[in-house]
Amino acid sequence: LVTGVQTCALPILHKKQATSAFLLGTKASEFSRELDKLVTELVFGFRVVFVKGQINLSLDKIKLINSDLARVNAKASFLPSIGKYIIELSLITSLMLIVALQFMLFDAAKSIGILTIFFIAGSRIAPAILRVQQSFLNIRANSGTAKIAADFIKRYSVINSEQESNRKERQENIHNSTFVPEIKVQDVI
């Protein structure tokens, strides 16, 4: 019964949390890049920002992005706890159903024995399921950042391959040209 409840609840929970983790990871990566960009611009362009009197504006932008980044990171850190609470809730609910069923069908000694085995098994399986789920969520959350990096690498490799093909084409044009070197010496004396 517990396995049935968890089997139904966990795939739905995992799908929703994986999507949320990916979106939060992508947002965190974007906020982090934007924050790095603003700080770099402020450091390297401090003189211009200072002369224009825009230091407070720049600092306000940095504070705003930093608070957005903190909010996204807080949501991402809370995400694995949701699975923990749902698994514990399903374990307790299933335990209550089995308690009611066992005491209706069997005597107290046999019911307590079955409940003990069920509770021990459930309490051993739940942490393992949570570790697996949290590992998948961590992978999914970091795949947002990895996707951005992979897209950058693809874009960079396409640019490099285009440059390489252009270089090879220029070399082939040089080697395959109809130019024949000829030296003429005239009016030497």
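Residues numbered from 1 in each chain as written. Predicted model: local features only at pLDDT ≥ 70, side-chain atom pairs only at ≥ 80, totals over all residues. Heavy atoms only, no water.

Chemist: Kindly report on a nonpolar patch on the surface, identifying the contributing residues and their values.
Modeler: On the surface, a cluster of nonpolar side chains totalling about 420 Å² of accessible area is made up of Leu101, Met104, Leu105 and Phe106. Assignment of secondary structure puts leucine 101 in helix α3 (residues 55-105). Leucine 101 sits in the partly exposed class, given a relative accessible area of 41%. (Patch = residues over 30% accessible without salt bridge, like charges linked within 9 Å, V, L, I, M, F, W, Y side chains within 5 Å. Areas by Shrake-Rupley, 256 points an atom, 1.4 Å probe, with all protein chains shown as cover. Salt bridge = Lys/Arg side-chain N within 4 Å of Asp/Glu carboxyl O. Helix = DSSP H or I, 4+ residues; strand = E, 2+ residues; numbered from the N terminus. Buried < 20%, exposed > 50% of the residue type's maximum accessible area, 1.4 Å probe, protein only.)

Chemist: Can you break down the nonpolar core residue by residue, with the values?
Modeler: One recurring pattern in soluble globular proteins: nonpolar side chains tend to sit buried together. The biggest cluster of nonpolar side chains holds 14 residues, and the ones touching the most others in it are Ala21, Leu35 and Ile62. Contributions of two or more residues to this core are made by α1 (2-44), α3 and α4 (108-175). If you tally residues by element for this core, the top one is α1, at six residues. Those residues in contact with isoleucine 62 that lie beyond four places of it in its chain are Leu35, Leu38, Val39 and Leu42. With five residues, the next largest nonpolar core counts Leu91, Leu95, Ile98 and Phe118 among its residues. (Core = buried A, V, L, I, M, F, W, Y, C linked by side-chain atoms within 4.5 Å. Contact = heavy atoms within 4.5 Å.)

Chemist: Account for α3, with residues named and values stated.
Modeler: Between the first and last C-alpha of α3 there are 75 Å, a value that for 51 residues agrees with the 75 Å anticipated at 1.5 Å per step. Residue leucine 79 marks the point of greatest curvature in α3, where the axis turns by about 25°; the proline proline 80 follows within four residues. (Expected span 1.5 Å × (residues − 1). Bend = angle between axes of the 7 residues up to and from the residue.)

Chemist: Hey, could you go over the environment of leucine 42 for me, with residue numbers and the actual values?
Modeler: With respect to the helices, strands and loops of the structure, leucine 42 is situated in helix α1. Taking the C-alpha atoms as reference points, leucine 42 and isoleucine 62, 20 residues apart in sequence, are found 9.8 Å from one another.

Chemist: Please give an account of the side chain of serine 111 that cites residues and values.
Modeler: Tracing the chain through its elements places serine 111 in helix α4. Serine 111 has contacts with Gln102, Phe103 and Phe106, leaving out every residue within four places of it along the chain.

This is a description of form; function is not addressed.
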